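Report on the structure
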Amino acid sequence: MSNNFKGIAASNGVAIAKAYLLVDPDLSFTKTTITDVTAEQARVDDASKAASADVKIIKSRAEKNLGADEAQVFEAHLMVLSDPEMSGAFNQKIADDKVNAEQAVKEVTDMYIGMFEAMTDNAYMQERAADIRDVTKRILSHLLNVALPNPALIDEEVVLVSKDLTPSDTSQLDRQFVKGILTDLGGRTAHASIMARTLEIPAVVGSEVATQTITAGVTVIVDGLTGDVIVDPDAETLATYQQKAADYLAQRAEWALLKDQQSVSADGKNFVLGANIGSPKDMDAVLENGSEGVGLYRTEFLYMESDHLPTEDEQFEAYKAVVEKMAGKPVTVRTMDIGGDKNLSYWKLPEEENPFLGYRAIRISLDQTEIFRTQLRALLRASAYGNLWIMFPMIATLGEFRAAKKVYLEERAKLEEAGVSMGEIKLGIMIEIPAAAVLADKFAKEVDFFSIGTNDLIGYTMAADRGNDKVAYLYQPYNPSILRLINNVIAAAHNEGKFVAMCGEMAGDPIAVPVLMGMGLDEFSMSAPSVLQTRSLMKKLDTVDMKSLAEKALDAETNEEVIALVEAATK
Ligand code: PEP
Ligand code: MG
C-alpha cells in the first residue's frame, strides 16, 4: 500500500532526501525511591556532563552557520549546566528525599523556572527561565537515554519532518542541509511557510499525517509546487521527480535573466516589485532577485532571534545595513509585530485565549512605549543612510495611528534638537484589519502610504486562523469579498494621491497578480525568490485587459469563479 499523501504546497521546488524527524521525544518517567544516593548523584553528574558536551557541539555549529551573536544563547545554556548552585541542589534533593535523579532534576528546575517566570517585568530573568527549560530537557534526555533531535546538528541532506515549525525553529535551519520541509500542521501564510519561501526550501505543510507516516531515514519526495509527498519512491517515480526538480531549476534560471530589467506590463505601465525580509541576512536574496525595494522588513525577527530586547544600537546597525544595501531604493520597515505566532523566549506575554486577536503589534508598542521609542530612535538614525519608510502593523483605528505618529514625532523632534541627521521618512500603515480597510478613505488623508497585509486581512475577514490547516480552505485570496476590500483600499489611496503597496503573500500569487495590476496596485512585495517569476508574468499582461478582468472579478460570486476568470484572461 502506498504511503503517499498530500498537504498544502507552501514553498516552490522539489526536494528529494532522507527524512529527519524533528519530533519531541517522550521524556516522561516515574518517581521512584532510591537507596544508593551516591550512585544516583553520579547519574545526574554524568547526564549534566553529557548535556554540556552536546551544547558545546551545537554552539560551535551555530557559530559557524549563524554567527557569534546567535550562538550566544548556548553560552547561557552552558552557564546553567555548570552552575554549582544548581548541581548542588540536585544532589541535595536526592540525598534529602531519596528520589531518583529524574525526579530531582525536575523538581529543582521547576522551582527555578517558576521563580524566574514570576518576575514578569524582568526580561533577563525570563530569559533564564527559558534557558533552564531547554537545559532540563537535555539532562533528562541523557538520564532516560532518549535522543533529542536537534536541527543544528544536521550535517547531511535531509527533508525535515515535524509536527509544526515555529518561526524561530525555521530561522535556525541551514539550507545547505535542509533540502525540504514537511509538517503536520500549518498553513501557507504561517510565518514558518513564509520563511521557507525566503530560504528557497521546498515545503509542504498541514499534511496532518507526516510525522505518523514517515520513519527516520526513509527517502521522501516533497513537491512544494503541488503539495504531493511521496514516501520511499520506486526507481521510476524517483526519476520523474528528479526531472521535475531539474525543470523547476531550469525555469528559475530563465527568470533570472530578468534580474536587471524593470517591472513593466506589456503596455508599458511600471510597477514596483519589492521583497519581504526578516533580517539583514536576507538581503543577498533581495539583491540576487533584482528587487526594486524592500516592501516589508519584519523587524520582530530581530527581537525573536536575540536573547534580550535588542538595544537601540543593535537595531540601528541592522536597519542601517539594510538601507545601505538598497542604495537609495525604498525600504519599508515595519515596527515590531510581536504576538500571535511570534513570541519572545525572554519576555513572556500574558497567556491569552485568542493571541491573534490579542495583545500584539502596535497594541504592545503603544502600551510599552519605551520599547517603541527605542525602536523609533534606531529607525530615525538609520534613515540618514538611505531611503527608509516606516509603517505600523495591525492598525485598527485612526486613534492608534495618530498615537503612534505622535510618539514618532516626539522622538524625531528630540533627535533633531540633538543635531542627529535623519532622512525624510514616509509614514504609513499596514492594512490588515478589516476595520482599516473599510475606513481606508479616512486613513488615506493622514498617512503617506498603505501596505496591504493580506495574510492577516484574509484571516480576519474570513475569521479563519492562518496557521490552522483545518480551516485552510477559507484562505481565499480571490474571494470577491477580499477583492472588494483591496479595491476599496487602492481606490482610497489613489483618491488622495497616496502610494499603495501589498506585502502579504497574495502579492506574489500568479492568480492574484493580474487582478491587482488591473486594480492599479503600485507595489507588489513578496518573498524574494518570487520576484522574477512575477516580473516575467507582468511583462505578458496588458493593464487595459487586466482592468476589465478586475471589474469582472469584483462582480463575481466565488473564489473559484475568479480563478476561472483569471485563467481565461491570461491564457
Ligand atoms: C500580513 O499580515 O499580510 C503581513 C504581511 O504581515 P505578517 O505576515 O508578518 O503578519
Ligand atoms: Mg500581519
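Along every chain, residues carry numbers that run from 1 in the direction the sequence is written. Naming scheme: in the order in which they are written, chains are lettered from A and ligands are numbered from 1. In view of the model being predicted, local features appear only for residues whose pLDDT reaches at least 70, and side-chain atom pairs are presented and counted only at 80 or more, with totals across whole chains, interfaces and linings using the full set of residues. Hydrogens and water are ignored here; the side-chain numbers use all heavy atoms of the structure.

1. Concerning the overall build of the chain
The line we're drawing: Numbering of helices and strands runs from the N terminus; a helix is a DSSP stretch of H or I covering at least four residues, while a strand is a stretch of E covering at least two. The globule rule used here is 2.2 Å times the number of residues to the 0.38 power, and the radius of gyration it is set against is calculated over C-alpha atoms. Buried means the residue's accessible area, taken with a 1.4 Å probe over protein chains only, is under 20% of the maximum for its type, while exposed means over 50%, and partly exposed covers the values in between. Note on contacts: a residue pair is in contact if any heavy atoms of the two residues lie within 4.5 Å. For accessible areas, the Shrake-Rupley method is used with a probe of radius 1.4 Å. Any residue's cover is judged against the shown protein chains and nothing else.
A tally of regular secondary structure across the chain gives 23 helices and 16 strands. Taking 25 Å as the expected radius of gyration for a compact globule of 571 residues, we find that the chain reaches 25 Å, a close match to that expectation. In the chain, buried positions account for 55% of the 571 residues. Long-range contacts, defined here as pairs at least 24 residues apart, represent 70% of the contacts in the chain between residues at least 6 apart. Split by element, the accessible area of the chain, about 24100 Å² in all, is 51% carbon and sulfur.

2. Topic: empty space enclosed by the protein
The condition is simple: In this analysis a 1.4 Å probe is tested at points of a 1 Å grid over the protein atoms alone, and where it fits but cannot get out there is a cavity; an open set with protein on both sides within 12 Å along at least five of seven lines is a pocket; lining residues have an atom within 4 Å of a point. Grid points are joined across faces, edges and corners, and a volume is the space filled by probe spheres set on the points.
Tallied over the entire structure, the rule returns 2 cavities of 30 Å³ or more. Looking at the largest cavity, its volume works out to about 80 Å³. Taken together, 15 residues make up the lining of the largest cavity; nearest its centre are Arg334, Glu432, Asn455, Asp456 and Arg466. Considering every element that reaches the lining of the largest cavity, the biggest residue donor is helix H18 (residues 454-462), with 3 residues.

3. Examining the coordination of the magnesium ion (ligand 2)
To be explicit about the condition: Water is not part of the atom set, so a site may look incomplete; the donors themselves are N, O and S atoms within 2.8 Å of the metal, or 3.2 Å for Na, K and Ca.
Distances from the magnesium ion (ligand 2) to its protein donors, namely Glu432 (OE) and Asp456 (OD), fall within the range 2.0 to 2.1 Å. Within this pair, whereas glutamate 432 is found in the loop between strand E13 (426-431) and helix H16 (434-438), its partner aspartate 456 is found in helix H18, the two being separated by 24 residues in sequence. You can call glutamate 432 buried: its relative accessible area is 2%. Owing to a relative accessible area of 5%, aspartate 456 belongs among the buried residues under this scheme.

4. Things to note about H18
Buried residues dominate H18, accounting for 8 of its 9 residues. Listed in full, the buried residues belonging to H18 are Thr454, Asn455, Asp456, Leu457, Ile458, Gly459, Tyr460 and Met462. Downstream of H18 by a residue or two, alanine 463 has a phi angle that is positive, lying close to 55°.

5. Re the sheet that holds strand E3 (residues 14-22)
For clarity, the cut-off: The pairing criterion for strands is at least two bridges between them, as found by DSSP. Axes here mean lines fitted to C-alpha atoms, for a helix over just the part in contact, with angles spanning 0 to 180 degrees between N-to-C directions.
Reading across from one edge, E1-E8-E7-E3-E4-E5-E6-E2 is the order of the 8 strands in this open sheet, with mixed pairing throughout. Each of the sheet's edge strands pairs with one partner strand only, and the pair in question is strand E1 (5-6) and strand E2 (8-11). Sheet analysis places E3 next to strand E4 (residues 158-162), joined by 5 bridges and oriented parallel. Across the sheet, the residue bridging to leucine 22 is serine 162, located in E4. Contacts from helix H7 (residues 191-198) reach E2, strand E5 (178-183) and strand E6 (203-205), with the element oriented near 50° to E2. Contacts between helix H9 (residues 235-256) and the sheet are confined to E3, strand E7 (219-223) and strand E8 (228-231), with E3 contributing the most and set at about 110° to the helix.

6. A look at the nonpolar core
Quick reminder of the rule: The set of buried Ala, Val, Leu, Ile, Met, Phe, Trp, Tyr and Cys residues whose side-chain atoms join them within 4.5 Å is what this entry labels a nonpolar core.
Counting residues in hydrophobic clusters, the biggest one holds 110 residues, and the most contacted among them are Phe392, Phe450, Ile486 and Phe524. With residues near it in sequence (within four places) discarded, phenylalanine 524 still touches Phe271, Val272, Leu273, Gly274, Met502, Ala507, Val513, Leu516, Met517 and Met538. One finds Leu78, Val99, Val108 and Tyr112 within the second-largest nonpolar core, a separate group that totals 30 residues.

7. Focus: the domain arrangement of the chain
Formally: Segmentation of the chain into domains, including their bounds, is taken from an automatic or database domain assignment.
Taken domain by domain, the chain consists of domain 1 (3-23 + 150-253), domain 2 (37-143) and domain 3 (267-569). Spacing between the C-alpha centres of domain 2 and domain 3 amounts to 40 Å.

8. What to know about the packing of aromatic side chains
How we decide: Two rings from Phe, Tyr or Trp (for Trp, the six-membered ring) form a pair when their centres are within 6.5 Å of each other. A pair whose planes differ by under 30 degrees is stacked, one over 60 is edge-to-face, and the rest are tilted. Sitting over a ring, as applied to charges here, requires NZ of Lys or CZ of Arg to be within 6 Å of the ring centre and within 35 degrees of the ring normal.
Under the counting rule described, the total for this entry stands at 8 aromatic pairs. Each ring, one from phenylalanine 271 and one from phenylalanine 524, has its centre 5.7 Å from the other, and the planes form 85°; the classification is edge-to-face. Of the two residues, phenylalanine 271 is situated in the loop between H9 and strand E9 (272-277) and phenylalanine 524 in strand E16 (residues 523-527); the sequence distance between them amounts to 253 residues. Phenylalanine 524 matches phenylalanine 271 in its accessibility class, with the two residues each being buried. The interplanar angle of 80° and the centroid separation of 5.8 Å between the aromatic rings of tyrosine 297 and tyrosine 319 together place this pair among those described as edge-to-face. With tyrosine 297 in strand E10 (residues 294-298) and tyrosine 319 in helix H12 (residues 312-326), the pair connects residues that are 22 residues apart, well separated along the chain. When sorted by exposure, tyrosine 297 lands in the same class as tyrosine 319, which is buried. Put simply, the rings of Phe372, Phe392 and Phe401 touch in pairs and so form one group of aromatic residues. The side chain of arginine 381 reaches across the aromatic face of phenylalanine 316, ending 4.2 Å from its centre. Taking NZ or CZ as reference, lysine 426 lies 5.5 Å from the ring centre of tryptophan 389, over its face.

9. Remarks on the sheet that holds strand E12 (residues 387-392)
Overall, parallel pairing links the 8 strands, which are arranged E9-E10-E11-E12-E13-E14-E15-E16 in a closed barrel. On average, each strand axis in the sheet is inclined to that of its neighbour by 25°, with strand direction left out of account. Bridge analysis of strand E14 (residues 449-452) against strand E15 (residues 499-502) gives 4 bridges, and the strand direction is parallel. Opposite isoleucine 452, over in E15, you have methionine 502 as the bridge partner. Against the sheet, helix H21 (residues 531-539) touches E9 and E16, its axis set at about 160° to E9.

10. Section: the pattern of salt bridges
Which entries qualify depends on this criterion: Here, a salt bridge means any side-chain nitrogen of Lys or Arg that lies within 4 Å of a carboxyl oxygen of Asp or Glu.
Taken as a whole and judged by the stated rule, the model has 38 salt bridges. A salt bridge links glutamate 156 to lysine 18, with the shortest nitrogen-to-oxygen separation between them at 3.9 Å. Placement of the pair is glutamate 156 in the loop between helix H5 (123-144) and E4 and lysine 18 in strand E3, with a sequence separation of 138 residues. Residue lysine 18 is classed as partly exposed on the basis of its relative accessible area of 40%. Across the pair glutamate 496 and lysine 445 runs a salt bridge, and its minimum N-O distance is 3.0 Å. Highlighted residues: glutamate 496 in the loop between helix H19 (480-495) and E15 and lysine 445 in helix H17 (residues 440-446), separated in sequence by 51 residues. Look at the salt bridges and you will find they share partners, linking Glu312, Asp313, Arg373, Arg377, Arg381, Lys406, Glu410, Glu411 and Lys414 into a network.

11. A word on unusual backbone geometry
One non-glycine residue, glutamate 200, adopts positive backbone phi at about 55°. Its place among the elements puts glutamate 200 in the loop between H7 and E6. Accessibility expressed as a relative area gives 34% for glutamate 200, which makes it partly exposed. Of note in the backbone geometry, methionine 394 takes a positive phi value of approximately 60° without being a glycine. On the basis of relative accessible area, methionine 394 is assigned to the buried category, the value being 1%.

12. Comments concerning H7
Counted residue by residue, H7 has 8 buried out of 8 residues, so it is predominantly covered. Buried residues of H7: His191, Ala192, Ser193, Ile194, Met195, Ala196, Arg197 and Thr198, and no others. Where H7 ends, the next residue or the one after it, glutamate 200, has phi of about 55°, a positive value.

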